[in-house]
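Analysis of the macromolecular model
Listed here are the chains, written in short residue letters.
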Amino acid sequence: MASTIQIKRSAVAGKTPTTSDLVAGEFAINTFDGKVYIKKIQGSTESIVEVGAGGSGPLTTPVCKVRGIENTLVNNTETFTVRAVYNATPVINVGGFTVSTSAIEVPSTGKYICAADIFLQGNIQRANVGMSWAVNNTRQTGTAAGAYIRGTSGHDESSLHLTEVLDLVAGDEVQLMFARLARSGNDDINTRVESSVSIIKLP
């Protein structure tokens, strides 16, 4: 009859083995967390290492992705102003982000990649919209200014793309600011629902 070989295990969430629980090279598993551990010895130093810990990536990394909403005010002022352009229902929300139409609140302190792809449509000839990231209503360094709209012969669409790494504190609100860089016209240029914003915490 075949024998079942079982390694040391625990079904308690978050419990890890200690160096006294294992001999060098011995494995242990946490069946609740789905994690495997091994005892390692370097010289006289003993430690417990999680096997494959570097590959967990998206399962544990805080990440938020939202789609856009229509906002017709992006071209009504030359002053960079926070606008409501986020769909408040995230497509992805890992780690506990809080999302409103104008801000994404980060759940923990660290460095975040913030990437915005904003789709614009309008009928003003030679309009150009600028966009910057903001943290707690304070404009950050980078600016995207490539949203030139020809506004004739059916060429009424453009887009803005801006990616930055921001050093954030838990509870900070990440926003997008817009300003008119060329040609006036309120309610004549608007963001579209096809827009996308992603915020990912770096390890």
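Residues numbered from 1 in each chain as written. Predicted model: local features only at pLDDT ≥ 70, side-chain atom pairs only at ≥ 80, totals over all residues. Heavy atoms only, no water.

Think of a sheet as strands paired side by side through backbone hydrogen bonds, with each pair either parallel or antiparallel. With mixed pairing, the four strands of this open sheet are ordered in space as β1-β2-β3-β4. The outermost strands of the open sheet, each flanked by one partner alone, are β1 (8-10) and β4 (45-50). Strand-to-strand twist in this sheet, taken as the mean axis angle between neighbours without regard to direction, amounts to 25 degrees. One ladder, built from six bridges, connects strand β3 (residues 35-42) with β4; its direction is antiparallel. Its bridge partner being in β4, tyrosine 37 is matched across the sheet by glutamate 50. (Pairing = 2+ DSSP bridges. Helix = DSSP H or I, 4+ residues; strand = E, 2+ residues; numbered from the N terminus. Axes fitted to C-alpha atoms, helices over the stretch in contact; angles between N-to-C directions.)

For the rest of this paragraph, the subject is unusual backbone geometry. Phi at asparagine 136 takes a positive value of approximately 50 degrees, unusual for a residue other than glycine. Residue placement: asparagine 136 occurs in the loop between β11 (127-135) and β12 (138-139). A residue is classified by how much of its surface remains accessible, and asparagine 136, at 36% relative accessible area, is partly exposed. With a phi angle near 65 degrees, arginine 183 is a residue other than glycine that sits in the positive phi range. Since its relative accessible area comes to 41%, arginine 183 is described here as partly exposed. (Buried < 20%, exposed > 50% of the residue type's maximum accessible area, 1.4 Å probe, protein only.)

Structurally, threonine 191 can be placed in strand β16 (residues 189-191). As a C-alpha pair, threonine 191 and isoleucine 69 span 122 residues in sequence and 6.7 Å in three-dimensional space. Among the polar contacts made by the side chain of threonine 191, one reaches the main-chain carbonyl oxygen of isoleucine 69 at a distance of 2.8 Å. At 3.0 Å, the side chain of threonine 191 and the backbone nitrogen of asparagine 71 are in polar contact. (Polar contact = N/O pair within 3.5 Å; in protein donor to acceptor, adjacent residues only side chain to side chain.)

With that settled, consider the nonpolar core. In terms of nonpolar packing, the biggest core is built from 31 residues, with Ile104, Ile118, Met131, Trp133, Leu176, Phe178 and Val197 touching the most fellow members. Every element with two or more residues in this core is listed here: β5 (63-67), β10 (110-122), β11, β14 (157-168), β15 (173-182) and β17 (196-201). (Core = buried A, V, L, I, M, F, W, Y, C linked by side-chain atoms within 4.5 Å.)

Function cannot be inferred from these measures alone, as they are strictly geometric.
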